[in-house]
Amino acid sequence: MRYRRVILKFSGEILKASAQHGSIDPETVRQLCILLKNLRGKGYELGVVLGGGNIFRGLRATTNEGYNRVYGDYMGMLATTINCLAVKNCLDQMNVASQIYSALMMPDVCDFYTARMALNDLQAGKILLFSGGTGNPFFSTDSAAALRANELQADVIVKATRVDGVYNKDPEKYPEATKFDKISFDDVLSGHLNVMDSTAFALCTDNNIPILVVKASKDDMSNIEFALDGKAIGTYVGNFN
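Residues numbered from 1 in each chain as written. Predicted model: local features only at pLDDT ≥ 70, side-chain atom pairs only at ≥ 80, totals over all residues. Heavy atoms only, no water.

## Regarding the packing of aromatic side chains
How we decide: Between 30 and 60 degrees the pair is tilted, below 30 it is stacked and above 60 it is edge-to-face, where a pair is any two Phe, Tyr or Trp rings, Trp via its six-membered ring, whose centres lie within 6.5 Å. Put simply, DSSP marks the helices as runs of H or I at least four residues long and the strands as runs of E at least two long, and each gets a number from the N terminus on. In this scheme, a residue with accessible area under 20% of its type's maximum is buried, one over 50% is exposed, and one in between is partly exposed, where area comes from a 1.4 Å probe on protein chains only.
Enumeration over the complete set of coordinates arrives at 4 aromatic pairs. Judged by centre distance (6.3 Å) and plane angle (90°), the rings of Tyr101 and Tyr113 are edge-to-face. Highlighted residues: Tyr101 in strand β3 (residues 98–102) and Tyr113 in the loop between β4 (111–112) and α4 (115–123), separated in sequence by 12 residues. This pair shows no difference in class: Tyr101 is buried, exactly as Tyr113 is.

Here it is, written out as structure tokens:
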């Protein structure tokens, strides 16, 4: 195996059932859980960070709807917990061991995150679902994924996106954009390319945690498994020395 301990980062948007916010598509949740079950069956140790944008996106609400940024971000953190509960419910039905760890204290809902307890559960074979972001406003779920990856000494972060890798410019706007099969941390920075937010990217760069950027949708999540298994899919971001 190229990797053993993996942090998977999904936006909440992938779980959205319709164009409206506040929705979770049960079939998409099921497809995600099938992916997680298959990966766990292959021996991967898995942590999953889910965004909450299908329910509430704090930054957008702050910008467009007049919410206080701190309140908006905490509302977004709670939305990530709702998504994690939906995924755990599905994993339970599949008899796949899992545990939700939250950066916010919610003892009746999930366990409060500590690296020591999370590491024990990873090593015991549980799939970990990380909710609540970092527990602090002004930080994205990208930052949460990078933080958990560093704390748990993950081998790689897989970031699921709408496009099939990293390009020299936005391929949704520029059809002539060129895709990178692999690219260094330094080249991402010098090219001002959007891989993760700056805080998350700095955590990965400073601690040499590679990022696999892979296309995934509610209709097809198989690229994630293929990329982890070593197929030339998506873009590898890291160091090459």
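## A word on helix α7 (residues 198–206)
Applicable threshold: Arc, as used here, means the arc of the directions from the helix axis to the C-beta atoms. For this analysis, residues touch if any pair of their heavy atoms sits within 4.5 Å. Pairs of N or O atoms within 3.5 Å make up the polar contacts considered here, provided that, within protein, one atom can donate a hydrogen while the other can accept it, and that residues adjacent in sequence are counted only when both atoms are side-chain atoms.
Buried residues of α7: Ala200, Phe201 and Cys204, and no others. Taken around the axis of α7, the buried residues stretch over an arc of 95°, which confines them to a single face. Set apart from the buried face of α7 by more than 90 degrees, the exposed residues are Ser198 and Asp206. For α7, the elements touching its buried residues are α5 (141–151), β6 (156–161), α6 (185–190), β10 (211–215) and β11 (235–238). Of the residues that open α7, the one with a side-chain oxygen 3.0 Å from the backbone nitrogen of Thr199 is Asp197. Of the residues trailing α7, Asn208 is marked for its positive phi of about 55°.

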